[in-house]
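Letter by letter, the chains look like this.
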Amino acid sequence: MGDSGVFTIGELARRTGLTTRTIRFYSDEGLLPPADRTYAGYRLYDSASLARLEPLRTLRELGLGLADAGAALAGRSSVADLARRHVELLDEQIRVLRLRRAVLRAVAKNGSDLDEVTLMKNLAAMSDEERKRLIDEFWDEVTAGFDIDPDFDVGMRSAKPELPDDPTPEQLRAWIELAELVRDKAFRQRIREMSASHSAQREAGESMGAPSEEGRQQWFEWTSAAGEAMDAGHAPSSPAGQAVATSVASAMGMPPAEAAELIATGTDTRAERYWQLMAAINGWPQVPTQVPRAEWIIAALRAAAG
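Predicted, not measured: the structure shown is a model, and the values here were computed from it.

> Kindly report on helix H4 (residues 66-74), identifying the contributing residues and their values.
By the burial criterion, the buried members of H4 are Ala 69, Gly 70, Ala 71 and Ala 72. In the segment just after H4, Gly 75 is the residue with positive phi, at about 80°.

Listed below in structure tokens is the structure:
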């Protein structure tokens, strides 16, 4: 029959390399209607059917569904439009697969138990918008009812976790730790205490905007001096500690005890950890640990206050 330009399913299969089962399936689904039938009812196909099979196979190998492939072959949808839509679907599938791979890598590296695996999977599956919403809800709660400096508030809220499509195990672990941290009630209460102090200082007429470059530099000098003293084994009550305390209290323009309490209000290991995790997730420069030095300065001020 092949010499006459009419083909059976078996002949189409031999010419195209497709299985007879696949060709019969396409035919049953209306994507490859037979050109004719034999007296016995067997389907026959012509050269147009043969020509139709190659683009049909290509579209199916690219992952298009039967409906989309049929629409393209019938001219109801352009191949370009279908391709764009399919690329979007593939991008999302790739994102999900990459996150699954990151979770499995982290599980393999951590030796995680089943509960931790479940948590990691759920947190990793969150979309960018869901991650950002979690952070926004955190800041909404910890600042609610307080008079927060607008510039300071914007600065705190502007940092959002941007987990890459293909995160490293370290980035994934950082996101999971950050998500657990901002949902922790004790941590939220601690940041509310900081917000309350911030609000009270604003009411007292203090400028509570984002730290100036001069202020950051001054803090760096104090913590550097504290670090050097700590490395040398000097206690906060030592002459070296009291020299730092005198410098800090003088620059802040308040008694040592008051300066100590003000610094203590804004010093918290978990608050520092929040920014370290955010930096790890987003690939920012590492945030150095300063809390031990701050605590040493606080102790030195309290020792100076007697």
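Back to the write-up after that little detour.
> A description of the packing of helix H1 (residues 9-16) against helix H2 (residues 20-28) should follow, citing residues and the corresponding values.
The N-to-C vectors of H1 and H2 enclose an angle of 115°; their axes lie 9 Å apart at closest approach. In the packing of H1 onto H2, the handedness of the crossing is right-handed. From H1, Ile 9, Gly 10, Leu 12, Ala 13 and Thr 16 reach across to H2, where they touch Thr 20, Ile 23 and Arg 24. Here the contact of H1 with H2 is built from residues that sort into four nonpolar, three polar and one charged.

> Before we move on, could you go through the pairing of strand E3 (residues 43-46) and cite the residues and values that matter?
Residues in a regular strand project their side chains so that they alternate between the two faces of the sheet. Across two bridges, strand E1 (residues 6-7) lies against E3 in antiparallel orientation. Bridge assignment links Val 6 to a residue of E3, and that residue is Asp 46. In this structure, strand E2 (residues 36-37) lies alongside E3, joined through two bridges in antiparallel fashion. In the sheet register, Arg 37 faces E3, and the bridge partner there is Arg 43. Linking E2 back to E3 in an antiparallel pair, the connection comprises five residues, with Gly 41 at a positive phi of about 95°.

> An account of the side chain of Glu 272 is requested, with residue identities and associated values reported.
Positionally, Glu 272 belongs in helix H14 (residues 269-282). For the buried Glu 272, no salt bridge exists, and the shortest N-O distance to an oppositely charged side chain is 8.3 Å, to Arg 273. In contact with Glu 272, not counting residues within four places along its chain, are Pro 288, Thr 289, Gln 290 and Val 291.

> Outline the packing of helix H13 (residues 256-265) against helix H15 (residues 291-305), listing residues and values.
At their nearest, the axes of H13 and H15 sit 8 Å apart, and the two run at 155° to each other. Considering their axes alone, H13 and H15 lie roughly antiparallel with respect to each other. Judged by the sense of rotation from one axis to the other, the crossing of H13 with H15 is left-handed. For the pair H13 and H15, the contacting residues are Pro 256, Ala 257, Ala 259, Ala 260, Glu 261, Ile 263 and Ala 264 in the first and Ile 297, Ile 298, Leu 301, Arg 302, Ala 304 and Ala 305 in the second. Classifying every residue of the contact of H13 with H15 gives eleven nonpolar, no polar and two charged.

> Can you break down the nonpolar core residue by residue, with the values?
For soluble globular proteins, the rule of thumb is that nonpolar side chains tend to be buried together. Residues Phe 138, Trp 139, Leu 172, Trp 175, Leu 178, Ile 191 and Tyr 274 are the most contacted members of the largest nonpolar core, which totals 32 residues. Those elements that provide at least two residues to this core are helix H5 (79-110), helix H6 (114-124), helix H7 (128-143), helix H9 (169-182), helix H10 (185-203) and H14. Residue contributions to this core peak at eight residues, all from H9. Residues within four places of Tyr 274 in sequence aside, it is in contact with Ile 135, Phe 138, Trp 139, Ala 159, Leu 178, Leu 181, Val 182 and Phe 187.

> Could you give an account of the pattern of salt bridges, with specific residues and numbers?
For the structure shown, the criterion picks out 19 salt bridges. In this structure, Lys 132 and Glu 162 form a salt bridge, with 3.3 Å as the shortest nitrogen-oxygen distance. Linking Lys 132 in helix H7 with Glu 162 in the loop between helix H8 (150-158) and H9, this pair joins segments that are 30 residues apart in sequence. For Lys 132, a relative accessible area of 22% puts it in the partly exposed group. A salt bridge links Asp 268 to Arg 190, with the nearest nitrogen and oxygen atoms 3.2 Å apart. One end of the pair, Asp 268, is in the loop between H13 and H14; the other, Arg 190, is in helix H10, and 78 residues separate them in sequence. With a relative accessible area of 11%, Asp 268 lands in the buried category. Classification of Arg 190 by relative accessible area gives buried; the value is 14%. Through salt bridges with shared partners, a single ionic network connects Arg 190, Glu 193, Asp 268 and Arg 270.

> Tell me about the sheet that holds E2, residues and numbers included.
The strand order across the open sheet formed by three strands is E1-E3-E2, and the pairing between neighbours is antiparallel. A strand with exactly one partner marks an edge of an open sheet, and here the two such strands are E1 and E2. Across the sheet, helix H3 (residues 47-61) is in contact with E1 and E3; its angle to E3 comes to roughly 80°.

Procedures and definitions
Residues numbered from 1 in each chain as written. Predicted model: local features only at pLDDT ≥ 70, side-chain atom pairs only at ≥ 80, totals over all residues. Heavy atoms only, no water. Buried < 20%, exposed > 50% of the residue type's maximum accessible area, 1.4 Å probe, protein only. Helix = DSSP H or I, 4+ residues; strand = E, 2+ residues; numbered from the N terminus. Axes fitted to C-alpha atoms, helices over the stretch in contact; angles between N-to-C directions. Left-handed = near helix turned anticlockwise from the far one by under 90°. Contact = heavy atoms within 4.5 Å. Nonpolar A, V, L, I, M, F, W, Y, C, P; charged D, E, K, R; others polar. Pairing = 2+ DSSP bridges. Lys, Arg positive; Asp, Glu negative; His and termini not counted. Salt bridge = Lys/Arg side-chain N within 4 Å of Asp/Glu carboxyl O. Parallel < 35°, antiparallel > 145°, perpendicular 65-115°, else oblique. Core = buried A, V, L, I, M, F, W, Y, C linked by side-chain atoms within 4.5 Å.

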